[in-house]
Amino acid sequence: MPDLTEEEYDALDEFYTKNPPKLSGNGKSGFFAKHAQKGNTLIFVDDLCATWLRVKAEATNSTPEAIIHQLICKELAAAV
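Residues numbered from 1 in each chain as written. Predicted model: local features only at pLDDT ≥ 70, side-chain atom pairs only at ≥ 80, totals over all residues. Heavy atoms only, no water.

Q: What am I meant to see in the overall build of the protein here?
A: Looking only at helices and strands, the protein has 4 helices and 0 strands in total. Mapped from its N terminus to its C terminus, the protein presents α and β elements in the order α-α-α-α. Across the 80 residues in the protein, those meeting the buried criterion constitute 5%. Total accessible area on the protein stands at roughly 7,500 Å², and carbon and sulfur atoms take up 60% of it. (Helix = DSSP H or I, 4+ residues; strand = E, 2+ residues; numbered from the N terminus. Buried < 20%, exposed > 50% of the residue type's maximum accessible area, 1.4 Å probe, protein only. Areas by Shrake-Rupley, 256 points an atom, 1.4 Å probe, with all protein chains shown as cover.)

Q: Can you help me understand the packing of aromatic side chains in this one?
A: Each aromatic ring pair is characterised by the separation of its centres together with the angle its planes make. Taken as a whole, this structure holds 1 aromatic pair when the rule is applied. Plain terms: the ring middles of phenylalanine 15 and tyrosine 16 are 4.9 Å apart, the flat faces sit at 80° to each other, and that makes the pair edge-to-face. Accessibility expressed as a relative area gives 47% for tyrosine 16, which makes it partly exposed. (Phe/Tyr/Trp six-rings, centres within 6.5 Å; stacked < 30°, edge-to-face > 60°.)

Q: Honestly, a negative patch on the surface in this entry has me stumped. Any pointers?
A: Residues Glu6, Glu7, Glu8, Asp10 and Asp13 make up a contiguous surface patch of negative charge. Of note, glutamate 7 is situated in helix α1 (residues 6–18). (Patch = residues over 30% accessible without salt bridge, like charges linked within 9 Å, V, L, I, M, F, W, Y side chains within 5 Å. Salt bridge = Lys/Arg side-chain N within 4 Å of Asp/Glu carboxyl O. Lys, Arg positive; Asp, Glu negative; His and termini not counted. Charge placed at Lys NZ, Arg CZ, Asp CG, Glu CD.)

Q: Which parts of the structure should I look at to understand the confidence of the model for the protein?
A: Detailed conclusions should not be drawn from predicted coordinates in areas where pLDDT is low. Averaged over all residues, the pLDDT of the protein equals 84, while 78% of them reach at least 70. No element of the protein has a lower mean pLDDT than helix α2 (residues 31–37), at 67, and none a higher one than helix α3 (residues 47–59), at 94. (pLDDT = per-residue confidence, 0-100.)

Q: What exactly am I supposed to notice about a nonpolar patch on the surface here?
A: Judged by side-chain polarity, Leu4, Tyr9, Leu12, Phe15 and Tyr16 come together as a nonpolar surface patch covering roughly 510 Å² of accessible area. If you trace the backbone, tyrosine 9 turns up in helix α1. The class for tyrosine 9 is partly exposed, based on a relative accessible area of 48%.

Q: Is there a simple way to explain α3 in this structure?
A: Residues spaced three or four apart along an α-helix face the same direction, because each turn holds 3.6 residues. End to end, α3 covers 18 Å across 13 residues, agreeing with the expected 18 Å (1.5 Å per residue, within 8%). One or two residues past the end of α3 sits asparagine 61, with phi positive at roughly 50°. (Expected span 1.5 Å × (residues − 1).)

Q: Please clarify how helix α4 (residues 64–79) should be interpreted in this entry.
A: The terminal C-alpha atoms of α4 lie 23 Å apart, and with 16 residues this matches the ideal 22 Å at 1.5 Å per residue to within 8%. Taken across its 16 residues, α4 has 1 buried, putting it largely on the surface.

Q: Just checking my understanding: could you explain the pattern of salt bridges for this structure?
A: Pairing between side chains becomes possible if they bear opposite charge and their charged atoms approach one another. According to the stated counting rule, one finds 1 salt bridge in the structure shown. For lysine 18, the salt bridge is made with glutamate 14, and the minimal N-O distance between the two is 2.9 Å. In this pair, lysine 18 and glutamate 14 both sit in helix α1, 4 residues apart, roughly one turn of the helix. The class of lysine 18 is exposed, set by a relative accessible area of 59%.

Following this line, the structure appears as C-alpha cells:
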C-alpha cells in the first residue's frame with residue numbers, strides 16, 4: 001500500500017469518523033465470537049514465529065496449535 005499524504009490521511013480519517021463501518025452478525029456468529037465460544041484463546045505472533053510454526057506443522061503433518069502444545073508440555077516437564 002502506498003504511503004498516504006497528509007491530505008489523504010485526513011480525508012480518510014474524516015470519512016471513517018463520520019461513517020463508521022457497520023458490523024454484521026448477532027455477536028455470536030463472527031470469527032472472534034466463534035473462537036471465544038469454543039474456549040479458544042487467540043494469540044498473535046510475529047511473521048518469523050508464524051512462518052516457523054507453519055513450516056514445522058507441515059513437516060510433521062500436524063497443526064500450529066499442536067506444535068505450540070508440544071513446546072509448552074516440553075517446557076513444563078523440564079520445569080518439574
